[in-house]
Amino acid sequence: MGVTLHLAIGILGNAASLLLYAAPILTFTRVLIEEKYGGFLCVPYTIALLNCLLYTWYGLPVVSNKWENFPLITINGIGILLEFSFIIIYFRFAPPKTKKMVCLLLIHVVMVFCITPCVSAFALKDHRHRKVLVGCVGLVASVSMYASPLIVVKQVIKTKSVEFMPFYLSLFSFLASLIWMAYGLLGRDLFLASPNLVGCPPGLLQLVVYFVYRNKKILREEDDLEKNGPLQHHEPATITCSCITNSKQ
């Protein structure tokens, strides 16, 4: 019964996280159509890519015990494809200076990801120590992602407009954190539960702020994709908290 419940929660987590990861698709469709990147930052996507890479590795039998964390592998594998696609599109239409920044970020992501699997696979001899190493690095990456919703919340409070923070993006962010936290706790894996425990309060804060300012709208002239564009466009733009860090022991 415990194994079945654990798997069921993992499947629910996959669904919520997939919706969260897929949120920027509309934004990048606009980028392709308009052939301009709109001035938003690529940092959330590179951090999300690192997070997906680390937790895909965490879920593999090299780190986890056999295939106990298979749901973790599937959703983060999809996340890698989506985030990498977003970064490629961003790089294609970004100006030269921004491209240099993207390259620098990607170099750091590749370095961290390459070092972590190599050390965990060859320097550590058991699953417990490998989980500690990969889990700690993943925790840092996850906490970094949770900083972005706070920036969005600050923007909403400052402008008194929720156009900066799409409701469904905030909802799926909170649900994904909550479900994966339950998944980690049920599997008695603190390295999967703790990042999502950190992610739940920012997600809940976004929802509270949204309902406070949902009826207050301010007209803007600029068209910023990172803030959902002009008022006639209501498309989710960024990954505010893609927390997919989960497993079972």
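Definitions and cut-offs
Residues numbered from 1 in each chain as written. Predicted model: local features only at pLDDT ≥ 70, side-chain atom pairs only at ≥ 80, totals over all residues. Heavy atoms only, no water. Core = buried A, V, L, I, M, F, W, Y, C linked by side-chain atoms within 4.5 Å. Buried < 20%, exposed > 50% of the residue type's maximum accessible area, 1.4 Å probe, protein only. Helix = DSSP H or I, 4+ residues; strand = E, 2+ residues; numbered from the N terminus. Expected span 1.5 Å × (residues − 1). Patch = residues over 30% accessible without salt bridge, like charges linked within 9 Å, V, L, I, M, F, W, Y side chains within 5 Å. Areas by Shrake-Rupley, 256 points an atom, 1.4 Å probe, with all protein chains shown as cover. Salt bridge = Lys/Arg side-chain N within 4 Å of Asp/Glu carboxyl O.

1. Some remarks on the nonpolar core
Reasoning step 1: Residues Phe 28, Tyr 45, Tyr 58 and Tyr 90 are the most contacted members of the largest nonpolar core, which totals 39 residues.
Reasoning step 2: Broken down by secondary-structure element, the contributors of at least two residues to this core are α1 (2–22), α2 (25–34), α3 (43–59), α4 (70–93), α5 (96–123), α6 (127–145) and α8 (167–186).
Reasoning step 3: Per-element tally for this core: the top contributor is α3, with nine residues.
Reasoning step 4: Judged by nonpolar contacts, the second largest core, of eight residues, contains Val 153, Val 156, Tyr 210 and Tyr 213.

2. Some thoughts on α8
Reasoning step 1: Here α8 spans 29 Å end to end across 20 residues, near enough to the 28 Å set by a 1.5 Å rise per residue.
Reasoning step 2: Residues of α8 that are buried: Leu 169, Ser 170, Ser 173, Phe 174, Ala 176, Ser 177, Ile 179, Trp 180, Met 181, Tyr 183 and Gly 184.
Reasoning step 3: Following α8 by one or two positions, Arg 188 has its phi on the positive side, about 55 degrees.

3. Overview of a nonpolar patch on the surface
Reasoning step 1: A surface patch of nonpolar side chains, about 350 Å² in accessible area, is lined by Ile 107, Met 111, Ile 115 and Val 119.
Reasoning step 2: When you line up the elements, Met 111 lands in helix α5.
Reasoning step 3: On the basis of relative accessible area, Met 111 is assigned to the partly exposed category, the value being 46%.

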